Each structure stands twice: as C-alpha cells, then as structure tokens.
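# Working through the structure, step by step
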Amino acid sequence: MIKAVIIDDDITTIQGLTRNVRWNEFGIEVVATARNGRDGLEKIRFYRPELILTDIFMPVMDGIEMLKAVREDGNMVEVIILSGYEDFKYAQSAVKLKVNDYLSKPATLDEIERVLQETALKIEKRVASEREDKELRELLEYNLPITKKQMFKGLLEPEFCHTPFYRKVSEYLKIDLSGQYFTVLLIEFFINRERSFKPSDVSLFAYAISNIVDELSQSKKGVYVADIQRNLITVIVSTPSHVKKDYVKMQVKEIAHEFLEKIQKYLKLQVWASVGFIGDHISDIPKSYSAAVDLLAEREAMRNKQLIVAEDVKDLSKTATRRPMESYQVIIDAVISGQEDLVEERITELTKSLHKGDVPSISVLREFSVDIVGILALALYDHGLQIEDIHAGFNMYKELELLYSIPDFAAWLRELLLPICEVMNRRSSQKHRKTIDFIMRYVQEHYAEDITLDVLADKVYLTRNYLSQIFKQETGENYNSYMTRIRMGKAKELMLSGNYKIFEISELVGYKNHAYFSQLFKKHTGLNPSEFNQ
C-alpha cells in the first residue's frame, strides 16, 4: 500500500478526504493527518509516506516552509497541493516545490480521485523501477565473477570484442585494452603417469594451479586469466603498443617461465607452455590463441622444450593428430548445463571430425579420453561433485582398456556423460535462481515492450548464450516460449474483459504486426482471436 499523509488546517477538509475518497481502490492508506506544517513535518519524518496532500496557508508553519524542509531532507515524496488559486500562485513564485499536481479548493470528489489515481500509478511505476534498479545492482555484484570470466574467455572467440556485452562489461570494470599488443600464453600440465590416477586428483591439481596463476596474474599489470580447463590454462598478456615487439616477446617468455617454475616448484608436475604470435589489436587474440594451441600440439615431438614458440616449429603440417580440446570443452559445457540433446549433437560432431583425415590410433583415442575425463572432473569440482558420485567405482585405466576404435570412443562418451547430464539437469542451481526470478518477473511486468533475450542479458551483465542456457535449465522452457506464453495469457485476459478490439490487444501485449499476433494466438490456443470470446 502507498502511505499518505494529509496536512490541512481545515478539519472539514481532512474529514471529507479521509471518509469519502476510495483510498483502497487506488492502493493508498492514509497513515496520518496534521493541522499545521510543523506537525505535518514530524508526521512525514516519522511515517516516511510516498504521498503528501497539503494546504499552503496554515498556522505555526505553512505548507511552503514544510515542503522546503522535506526537500532539504532529501525526501522526493510525491506532493499534491490543496489550496485556493491565489495561494498556489504565491507558492509558484515562492519556491520550486516539485509538486506532482494541485487541486483548487473547492475540488470535486471526481477531480480529487482522478489526481490521486494518476499519482498512485506514478508512484507504483517509480517504486517498481527503483526495485528493478536495486535488484540489477545486486545481480551485477552476484554475477560479477561469472561476468568477468565470460568477458576474458569470450576474447578468445572471433568478433567477441565488437559485441555490446564486451563494451558494457569492460567499461563497467574499467578495463581499457586500447593501444595494446596482445599475446596468448597456454600452460598445460600432467600428473606423472607413474602416480596413482583418479579424476579427483586432476581437479585438485587444477584448482591449485589456478590459484598460482591467479596470484601471478593479479601481481602483473596486463596479465589476464582467460580460461581454465582440465589441464590447460589460457592467459592473455597485453603490452603497451609503444614498446618494441622484440621486447614484448622477451617479456611474455619471462612471464611464461615464471608460471612454469612456480607450478614445478610447488606441485612437482610435468608442465609445458606455448606462446602465440603478438597481435596488434584486441581482435587478433583468437588468432594468437589458435597459434598457441597449434604450437602446444607439437610438445610430443619436442620433449626437450618446455616453452614452445613459433621459431621452434618449422613445419606444422607434419604435426601428429591434434587433440581437439575446443570440442571437449563444448561437450562438457553442454553436460554441465544439463542439455542432453546438445551433448548428443556435440559427440556426433566430434566423432565425425575424427573420421576425417588420419584415423587416430588406439593410444591417441585413449589420450583423448584422459583429456575429456580431466575436463569433466574439473567442471564437476566447481559444482561440488566428483565423477565417482555418479559413476560408483569409476577407474580410468579400466575404462581405457575398453577403447579400440572411434565407435568405442563415441559409445564410451555417451555412457559416461549422459547420466551426468541427467543429474545436472535435475540439480536445482540456486546460484542462478535470483537471476531467473528477476527475468521472469521483469517479463511479466514489461511484456508489452520489446524485451529480447539480448536486452535482458545486457541488463544482468551476462552473455546471451549463457543466459539462454540457465533460463532453459531453471524453467524447462526456452525464453521465447516463455515470453509468448505470458503475452498470450495477457491477451486472453484482455479479450475476456470485452473492452478492447483485437488490433488494440495485439499492441497492448507487444505485437505491432497484428497478423503475426493472430497467427501466434491460434497456435497457442487453437482458435483465431475473433473466435476466442464468442
């Protein structure tokens, strides 16, 4: 309810207003009345109303002085003046009151209620807007770690730097990457094969390494962690473009060696790194990333090299079967989001790609399997799970003994991943509940506006694809279906009221194209709009 305070030295006016106005119908409650400005100011400060109805000329303190004090308190409450015509002329010349409206005495009940209804609607819109702003600020802080990860990981993708999401987030985080060179550094580690291997071991080592990398990157200007996978960490290094490229190359190598030394010193792991080429613009980051991946694929043929740069590899065309790490990550992302159909699709794409060119040997397929299990273990670790929680008694080496061909590999992937996908789909992700609740409520309140998923993603500082995934995961339906369902529900309500024509309803629920609205309505209800209310 909207709280209101009435201040007037005429008791008849106060009694007439409190008794005769249909306050409840407008969602207003009169919480206090006063007979002069001083008492009125005390009541306003105590009750903090959203609406004030006040006279101007009153004893002790007049309405002008009272409103001055209210505004000096920083209170932007809505004000309706109740006064004679000459009184209001005086008020206008005396001070800018920032009043919502005024009523000249004597005012009719209809006039009073019209102004109250308009003011109540204005207050409700303002309160809703303030609530949305507050929620968005909270969501931004809540989603900020995810948002930062999405921004830097996104820079590995072509054209991402030109998206509105990148511009908005980089501006909010005050990260200016203009006038820089960019190089991508990849760091890969392995648990020694002689050591007892469990998927959870990889997760713990990856967690420890990510802490080391985070600590080092935060202590160095222009070093950003872009992605952390099972045993592969991607770092973007930016350097002022006024520095010579030879110096940049030397600086990136020094950073890479520092990472390698720390990981070896504290975790005693086998570790390699590769450095992509130096790009002149932020849009070159994906190319530098791709080059670094290609270089790292050469490590088996260059066992004496711990840090691999372009000068070390003369002929990439002779590279052994390249491990499709990007495909692995896409598959695991689909598993974690609980999208079984997408997991099936990604597995099919991966196995088709393996049939092209040279068919991988048994040992290579088994290495691919170890890679996938590692990425999966790390992803599950982030959600407080281990593979053993879903596949009891899971043993990596026993699993490897089953793999002799690409069909074996594909079948093994399905048996491993689909049950996990089902578990993730059932898990209620409280991490995203606040975001989805906000989106659903926002749609219900703004269904007449053009609120695409891009618009909403922009509001909550998440990428469109990520928001689409978590919306489907939390609600069981995609965003466009949800929007259509809400709009059709509102359209049916308006039709049943009998107060609107079909073309008016179409526009009121957000469809300027009336024919398209009719098509959607029939698809949703089985009836044409003209048939619905007959």
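Residues numbered from 1 in each chain as written. Predicted model: local features only at pLDDT ≥ 70, side-chain atom pairs only at ≥ 80, totals over all residues. Heavy atoms only, no water.

## A short note on helix H15 (residues 406-426)
Helix length check: H15, at 21 residues, gives a terminal C-alpha distance of 30 Å against a target of 30 Å (1.5 Å per residue), a fit within 8%. At leucine 417, H15 shows its maximal bend, which comes to roughly 25°, and the proline proline 419 appears one to four places after that position. Turning to H15, its buried residues number three or more, namely Ile406, Phe409, Ala410, Trp412, Leu413, Leu416, Leu417, Leu418, Ile420, Cys421, Val423 and Met424. (Helix = DSSP H or I, 4+ residues; strand = E, 2+ residues; numbered from the N terminus. Expected span 1.5 Å × (residues − 1). Bend = angle between axes of the 7 residues up to and from the residue. Buried < 20%, exposed > 50% of the residue type's maximum accessible area, 1.4 Å probe, protein only.)

## Side note on the pairing of strand E1 (residues 2-7)
With five of its six residues buried, E1 lies for the most part within the structure. A crossover links E1 with its parallel partner strand E2 (residues 28-34), the connecting element being helix H1 (residues 11-20), and its sense is right-handed. Here E1 pairs with strand E3 (residues 51-54) via four bridges, running parallel. Considered in E3, the bridge of isoleucine 7 is made with threonine 54. (Right-handed = clockwise from strand over helix to strand, strands pointing away. Pairing = 2+ DSSP bridges.)

## Here's the deal with the environment of cysteine 161
Following the sequence through the fold, cysteine 161 ends up in the loop between helix H5 (109-154) and helix H6 (164-172). Sequence-wise, cysteine 161 and isoleucine 282 are 121 residues apart; in three dimensions their C-alpha atoms are separated by 7.0 Å. Cysteine 161 has contacts with Leu155, Tyr166, Ile282 and Ser283, leaving out every residue within four places of it along the chain. (Contact = heavy atoms within 4.5 Å.)

## So, the nonpolar core
Counting residues in each nonpolar core, the largest one holds 38 residues, and the members touching the most others are Leu376, Phe409, Leu416 and Leu417. When residues of this core are traced back to their parent elements, those giving at least two are helix H10 (325-336), helix H11 (340-355), helix H12 (362-381), helix H14 (396-400) and H15. Apart from the residues lying within four places of it in its own chain, the contact partners of leucine 416 are Val373, Leu376, Ile387, His391 and Phe394. Within the second largest apolar cluster, 33 residues are counted, among which are Leu139, Leu467, Met488 and Ala491. (Core = buried A, V, L, I, M, F, W, Y, C linked by side-chain atoms within 4.5 Å.)

## As for the sheet that holds E2
Spatially, the five strands line up as an open sheet ordered E2-E1-E3-E4-E5, and their pairing is parallel. If you trace the sheet from one side to the other, it starts and ends with E2 and strand E5 (101-104), each paired once. With direction set aside, neighbouring strand axes in the sheet form an average angle of 20°. One ladder, built from four bridges, connects E3 with strand E4 (residues 78-83); its direction is parallel. Each residue of the ladder has a partner; that of isoleucine 52, found in E4, is valine 79. Set on the sheet, H1 makes contact with E1, E2 and E4; between it and E2 the angle comes to about 165°. On the sheet, H5 packs against E1, E2, E3, E4 and E5 and is oriented at approximately 165° with respect to E4. (Axes fitted to C-alpha atoms, helices over the stretch in contact; angles between N-to-C directions.)

## Considering the packing of aromatic side chains
Applying the stated criterion to the full structure yields 11 aromatic pairs. With a centroid separation of 6.0 Å and 70° between ring planes, the pair formed by tyrosine 511 and tyrosine 516 is classed as edge-to-face. For tyrosine 516, a relative accessible area of 41% gives the class partly exposed. Each residue in the set Tyr511, Tyr516, Phe517 and Phe521 is aromatic and connected to the rest through ring pairs, giving one cluster. Lying across the ring of tyrosine 404, arginine 366 places its NZ or CZ 5.1 Å from the centre. Sitting over the ring of tyrosine 511, arginine 487 keeps its end group 4.9 Å from the ring centre. (Phe/Tyr/Trp six-rings, centres within 6.5 Å; stacked < 30°, edge-to-face > 60°. Lys NZ or Arg CZ within 6 Å of the ring centre and 35° of its normal.)

## Description of the sheet that holds strand E6 (residues 180-190)
Sheet architecture is open: five strands sit in the order E7-E8-E6-E9-E10, paired in mixed fashion. Every interior strand has two partners, whereas the edge strands, strand E7 (223-228) and strand E10 (307-308), have only one. Packed on one face of the sheet, helix H8 (residues 245-267) meets E6, E7, strand E8 (232-240), strand E9 (270-275) and E10 and runs near 25° to E6. Of the strands in this sheet, E6, E8, E9 and E10 touch helix H9 (residues 285-296), which is tilted by about 30° from E6.

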